[in-house]
Amino acid sequence: GELILMDGGMCRWHRRKDGVVVIREILVLPQHRRQGIGREMVSEVQGRYPLAKIRARCPVADAQGTVGAGNVFWKYLGFVLVSSEGGINLWERDPS
């Protein structure tokens, strides 16, 4: 129940006991990117838990040392960077 599979992508999340939903993995295959698949999966998770705070963790930088594409993705979707620790950014979006 905590997995969404779509043509070209997948999303795995977990709803914690405190009601916060953590997106653990989101993957869109390269040939399917920039088609709204990632945004659709995040919307599906939010739709299942409309009152929940959604969180996602993302590496600060990729292997080459540049800003990870995931950070751009979360910011684009309206998530706010709430912390950065140990090379990992924590993004969060309230349901409102």
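Residues numbered from 1 in each chain as written. Predicted model: local features only at pLDDT ≥ 70, side-chain atom pairs only at ≥ 80, totals over all residues. Heavy atoms only, no water.

Digging into the pattern of salt bridges
Okay, so step 1: Tallied over the full model, the rule gives six salt bridges.
Okay, so step 2: In this structure, the salt-bridge partner of E25 is R12, at a minimum N-O distance of 2.6 Å. Note that E25 is positioned in strand β3 (residues 21-28) and R12 in strand β2 (residues 9-15), a separation of 13 residues in sequence.
Okay, so step 3: Taking the shortest distance from any N to any O, the salt bridge between E92 and R55 comes out at 2.5 Å. Taken together, the residues span a long stretch of sequence, with E92 in strand β6 (residues 88-93) and R55 in strand β4 (residues 54-59) at a distance of 37 residues.
Okay, so step 4: On the basis of relative accessible area, E92 is assigned to the buried category, the value being 14%.
Okay, so step 5: What makes R55 buried here is its relative accessible area of 19%.
Okay, so step 6: One continuous salt-bridge network, built from bridges that share partners, spans K53, R55, E92 and D94. (Salt bridge = Lys/Arg side-chain N within 4 Å of Asp/Glu carboxyl O. Helix = DSSP H or I, 4+ residues; strand = E, 2+ residues; numbered from the N terminus. Buried < 20%, exposed > 50% of the residue type's maximum accessible area, 1.4 Å probe, protein only.)

Examining helix α1 (residues 37-48)
Okay, so step 1: Across its twelve residues, α1 extends 17 Å between first and last C-alpha, which sits within 8% of the 16 Å expected from 1.5 Å per residue.
Okay, so step 2: Where the residues of α1 are buried, they touch β1 (3-6), β2, β3, β4, α2 (69-76) and β6. (Expected span 1.5 Å × (residues − 1). Contact = heavy atoms within 4.5 Å.)

Re the layout of surface pockets
Okay, so step 1: In this structure, the largest pocket encloses a volume near 850 Å³.
Okay, so step 2: Lining the largest pocket are 25 residues, and of these V28, R33, A69, G70 and F73 lie nearest its centre.
Okay, so step 3: Those elements giving two or more residues to the lining of the largest pocket turn out to be β3, α1, β4 and α2.
Okay, so step 4: Of the residues belonging to the lining of the largest pocket, the class tally is 13 nonpolar, six polar and six charged. (1 Å grid on protein atoms, 1.4 Å probe; cavity = no way out; pocket = protein on both sides within 12 Å on 5 of 7 lines; lining within 4 Å. Points joined across faces, edges and corners; volume = space filled by probe spheres on them. Nonpolar A, V, L, I, M, F, W, Y, C, P; charged D, E, K, R; others polar.)

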